[in-house]
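Each chain is listed here by its residues.
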Amino acid sequence: QLQASGGGFVQAGKSLTLFCAVTGSIFSINNMAWHRQAPGNHRELVASITLAGVTTYANSMKGRSTISRDNNKNMVYLQMNSLEPEDTAVYYCYAEISRRSWLPLSDYWGQGTQVTVSS
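Quantities reported herein were computed from a predicted structural model and do not represent experimental measurements.

J.: Looking at this structure, how should I read the overall build of the protein chain?
T.: Looking only at helices and strands, the protein chain features zero helices and 11 strands. Over its C-alpha trace the protein chain gives a radius of gyration of 14 Å, about what one expects of a compact globule, namely 14 Å for 119 residues. For the protein chain, the C-alpha atoms occupy an extent of roughly 50 × 25 × 25 Å along the three principal directions. Look at the contacts in the protein chain between residues 6 or more apart in sequence, and 55% of them connect residues 24 or more apart. With the model as given, the accessible surface of the protein chain reaches about 6300 Å², and the carbon-plus-sulfur share is 50%. Side-chain charges in the protein chain split into 9 positive and 7 negative, and the spacing between the mean points of these groups amounts to 7 Å.

Next comes the structure, spelled out in C-alpha cells:
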C-alpha cells in the first residue's frame, strides 16, 4: 500500500512537502511519481523519478517542485514551492512495485492527499 500525507491548506506563494510511504511486503520499487487531480479535471502527472533518480516534471510544476525518493525507507517526496491557487488538487503518489521476486511490477496508488492553495 501507499500512504500519502503532508497535504493541507496554504496561502499562495508558500511551500508544502508531500510524503508517501510504501508499506507491506516489497521486493523492488521501480518508478515512483506524484499525480494530481483537480475537480472536473483528469488526473495528471506532476513529477516522476526513476530508481536511478532521473526526474521529470510537468511544465506547470517545473522549477517550482522537486521530487525525491529514499530507497532505504521506501519513501517518495514532493516539495512544492511558490504554490498557486491553480495547484489546488488531490495529490496521489504512485509506484511500480514487485511484492515478490517472482512477481512482475504492478501499479500502486496512494489514497490521495488534498492540497488547497488560497489566493
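J.: How do you make sense of the packing of aromatic side chains when you look at a structure like this?
T.: Geometrically, a pair of aromatic rings is defined through the distance of the ring centres and the angle of the planes. Tallying each qualifying case throughout the model produces two aromatic pairs. Their ring planes at 55° and their centres at 5.0 Å tell us that Tyr94 and Trp109 sit as a pair that is tilted. Here Trp109 lies in strand E10 (residues 106–109) and Tyr94 lies in strand E9 (residues 89–98), a separation of 15 residues in the sequence. Since its relative accessible area comes to 12%, Tyr94 is described here as buried. Against the face of Tyr92 rests Arg43, its NZ or CZ located 3.7 Å from the ring centre. Over the ring of Tyr108 we find Arg99; its NZ or CZ atom is 4.6 Å from the centre of that ring.

What counts and what doesn't
- Residues numbered from 1 in each chain as written.
- Predicted model: local features only at pLDDT ≥ 70, side-chain atom pairs only at ≥ 80, totals over all residues.
- Heavy atoms only, no water.
- Helix = DSSP H or I, 4+ residues; strand = E, 2+ residues; numbered from the N terminus.
- Rg over C-alpha atoms; globule rule 2.2 N^0.38 Å.
- Contact = heavy atoms within 4.5 Å.
- Areas by Shrake-Rupley, 256 points an atom, 1.4 Å probe, with all protein chains shown as cover.
- Lys, Arg positive; Asp, Glu negative; His and termini not counted.
- Charge placed at Lys NZ, Arg CZ, Asp CG, Glu CD.
- Phe/Tyr/Trp six-rings, centres within 6.5 Å; stacked < 30°, edge-to-face > 60°.
- Buried < 20%, exposed > 50% of the residue type's maximum accessible area, 1.4 Å probe, protein only.
- Lys NZ or Arg CZ within 6 Å of the ring centre and 35° of its normal.

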